[in-house]
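Coordinate inspection notes
The chain contents come next:
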Amino acid sequence: MGDAVELQVGGRTVRLTHPERVFFPAHGYTKLDVAQYYAAVGPGVLRALRDRPTTLQRYPEGLEGEWFYQKRAPKNMPSWIPTAHITFPSGRSADEMCPTEEAAAVWAAQYGTLTFHPWPVRRDDVDHPDELRLDLDPQPGTGYEDAVRAAFELRSVLEEFGGLRGWPKTSGGRGLHVFVPIEPRWTFTQVRRAAIAVGRELARRMPDQVTVKWWKEERGERIFLDYNQTARDRTIASAYSVRPLPDATVSAPLRWDEVADARPRDFDIVTMPRRFAELGDVHADMDDHRYSLDALLDLARRDEAEHGLGDLPYPPEYPKMPGEPKRVQPSRAREDQAPS
């Protein structure tokens, strides 16, 4: 392994040990390559993480080694990186790092962080999300092109219900994310209910292409709008995050006029710095906007009052929530009801 190196990032000196450690064997990309990538897109990744409690997805030995999610702020974290105290659905709590400087991402890369998973809240108010995050997840038999078609219809739904504007990005894998900046006036439960309303409206318009069915056996070959990604402690990879995939692809912010032609493989730790140098952060204006969820929550109330469409199941590790339907896989429920 090579000697340690020091990187100058935003007025900070970040020491990188074992810089030649290979993180992505398919291409020979090293820890130093990952750290330099985060330095190159520093303003963009900081815009995505700024003041947000952030979970680190760490691969200390590289892609082929053991990995883990680190929610609690590392004990050796420098004093210039602040924290926020957050509470999990279990009732437990922790202090998570909240980046406020570009160097924070590079510091995290020193410890094998590939992907950043920020909460949709800021450290001054950790109970009221300021982003509605919509995850278009291709199911088996579908792909990115199907997510693109769903994204354009989703864009229309958002515009029709409250004049909302979404900012699209690749997931870095097969899917698409659309983030809507919102006023921090609603709880996680309310934001999740708004996401369910969006998903149901989208599924009504594209019944053969989109679903909000939680159980995999019911989804079929459709795009799943994963409404549970808006639940407390559920996070989505940030813009510019490196994904733990062989080609070191990254979650790429896009303009809407790029969505149809872009492909996730186009954006990796080599190509994204060139794009960033040319275009900057194409989502730089996102924090200049704040939208209301009132129209979507009205839609949710109408769905329940007129069609009997209330809440949907939470993930299995969550405590039972008020108004939630039975958290039982449909095929299992049928077996339990079958005569003996």
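Residues numbered from 1 in each chain as written. Predicted model: local features only at pLDDT ≥ 70, side-chain atom pairs only at ≥ 80, totals over all residues. Heavy atoms only, no water.

Moving on to the pairing of strand β1 (residues 5-9). As paired elements, β1 and strand β2 (residues 12-16) share 5 bridges and run antiparallel to each other. Bridged to Val5 within β2 is Leu16. Here β1 folds back onto β2, and the loop between the two strands holds 2 residues, one of which, Gly10, carries a positive phi near 55°. (Pairing = 2+ DSSP bridges. Helix = DSSP H or I, 4+ residues; strand = E, 2+ residues; numbered from the N terminus.)

Quick look at unusual backbone geometry now. Not every positive phi belongs to a glycine, and His18 is a case in point at roughly 50°. Mapped onto the secondary structure, His18 falls in the loop between β2 and β3 (22-24). Look at His18 and you get partly exposed, because its relative accessible area is 34%. Even without being glycine, Tyr240 reaches a positive phi, approximately 75°. Note that Tyr240 resides in the loop between β14 (223-225) and α7 (256-259). (Buried < 20%, exposed > 50% of the residue type's maximum accessible area, 1.4 Å probe, protein only.)

In this section: the domain arrangement of the protein chain. The domains assigned to the protein chain are domain 1 (5-126) and domain 2 (131-234 + 289-307). Averaged C-alpha coordinates put domain 1 and domain 2 at centres separated by 28 Å. On the side of domain 2, 7 residues touch domain 1, which itself brings 12 residues to the contact. In total, domain 1 and domain 2 occlude about 860 Å² of area from one another, counting both sides; carbon and sulfur atoms represent 45% of this. When the area that domain 1 buries against domain 2 is broken down by residue, the three leading residues are Pro89, Trp119 and Pro120, summing to 47%. For the pair domain 1 and domain 2, the interface holds 2 salt bridges. Here Asp233 makes a salt bridge to Lys71, at a shortest N to O gap of 2.7 Å. Linking domain 1 with domain 2 are 5 residue pairs in polar contact (both at pLDDT 80 or more). Residues belonging to the side of domain 1 that touches domain 2 are distributed by class as follows: 7 nonpolar, 1 polar and 4 charged. (Domains from an automatic or database assignment. Contact = heavy atoms within 4.5 Å. Buried area = accessible area lost by both parts, 1.4 Å probe. Salt bridge = Lys/Arg side-chain N within 4 Å of Asp/Glu carboxyl O. Polar contact = N/O pair within 3.5 Å; in protein donor to acceptor, adjacent residues only side chain to side chain. Nonpolar A, V, L, I, M, F, W, Y, C, P; charged D, E, K, R; others polar.)

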